[in-house]
Amino acid sequence: MTRTPPTTVTPVRLWRWHRNPLRRHSDVVEAWIVLATWVLVLVGGALAGILAAQSSDAAFTARRAQLHSVAAVLTDDAARTPPSSTGYDDGRVWAAVRWTDPDGSVHTDRAKVFPGAPAGSRLTVWANRSDHVVPAPVTGSAADAQAALTGAIVAPSAAAAVWAAGWVVRNRLIRRRMAEWDEEWKRIGPRWGTPSGA
């Protein structure tokens, strides 16, 4: 049986923080900028996504609180064919509806119904506080899915904005460093041409 030689583990050194005579103050600043940028990208993006999802969910809840469902009656026969579809239509048609509030007041408005529904058909519509028919509120799993989707869209967008800001700051630091090197080379470069350095 042959013995394998022991392997040596070389420690990983982050040269920007490691003591080194060639390390400049700008190297350390750049390293901190990169570290802070990535931490903010990860934490800030996740936090922005969570806050956006919670805000979206709160908006759905607030809208639901402002609406109420009412039992309405179709006052006229609904059209048998929907108008030409625009791609965003669900195949329903507009028709006049009537409902009575608990206090006895009668309201009329237009609501979307299935084509060909006869007059007198009962349906449930959603009304706002001004007693105008509005689209049904988003509830349940649909609301949860839309809130999650909002968070999923906002999180990478916020992270990308933070990353771009960090990239701009780092680029300016690099440009400044290059300008300093150029100035230093203008002072020191000519001395390299003579052996005495004078």
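Our subject is the structure that appears above.
How each quantity is defined
- Residues numbered from 1 in each chain as written.
- Predicted model: local features only at pLDDT ≥ 70, side-chain atom pairs only at ≥ 80, totals over all residues.
- Heavy atoms only, no water.
- Pairing = 2+ DSSP bridges.
- Helix = DSSP H or I, 4+ residues; strand = E, 2+ residues; numbered from the N terminus.
- Axes fitted to C-alpha atoms, helices over the stretch in contact; angles between N-to-C directions.
- Parallel < 35°, antiparallel > 145°, perpendicular 65-115°, else oblique.
- Left-handed = near helix turned anticlockwise from the far one by under 90°.
- Nonpolar A, V, L, I, M, F, W, Y, C, P; charged D, E, K, R; others polar.
- Buried < 20%, exposed > 50% of the residue type's maximum accessible area, 1.4 Å probe, protein only.
- Contact = heavy atoms within 4.5 Å.

A. Expanded view of the sheet that holds strand E2 (residues 93-100). On the basis of which strands lie adjacent, the open sheet formed by five strands has the order E3-E2-E1-E4-E5 and antiparallel pairing. For this open sheet the edge positions go to strand E3 (106-113) and strand E5 (133-134), each flanked by a neighbour on one side alone. As paired elements, strand E1 (residues 68-74) and E2 share two bridges and run antiparallel to each other. By the bridge assignment, Leu74 is partnered in E2 with Val97.

B. Here's a closer look at the packing of helix H1 (residues 25-66) against helix H2 (residues 140-188). Where H1 contacts H2, the two axes come as close as 7 Å, and the packing angle between them is 155°. Taken together, the axes of H1 and H2 lie roughly antiparallel to each other. When you trace H1 past H2, the crossing you get is right-handed. A per-class count over the contact of H1 with H2 returns 21 nonpolar, nine polar and seven charged.

C. Molecular detail of the environment of Leu74. Mapped onto the elements, Leu74 comes out in strand E1. We classify Leu74 as buried; its relative accessible area is 3%. C-alpha separation for the pair Leu74 and Arg122, spaced 48 residues apart in sequence, amounts to 6.4 Å. The contacts of Leu74, once residues within four sequence positions are left out, are Ala95, Ala96, Val97, Val113, Ala117, Pro118, Ala119, Gly120, Ser121 and Leu123.

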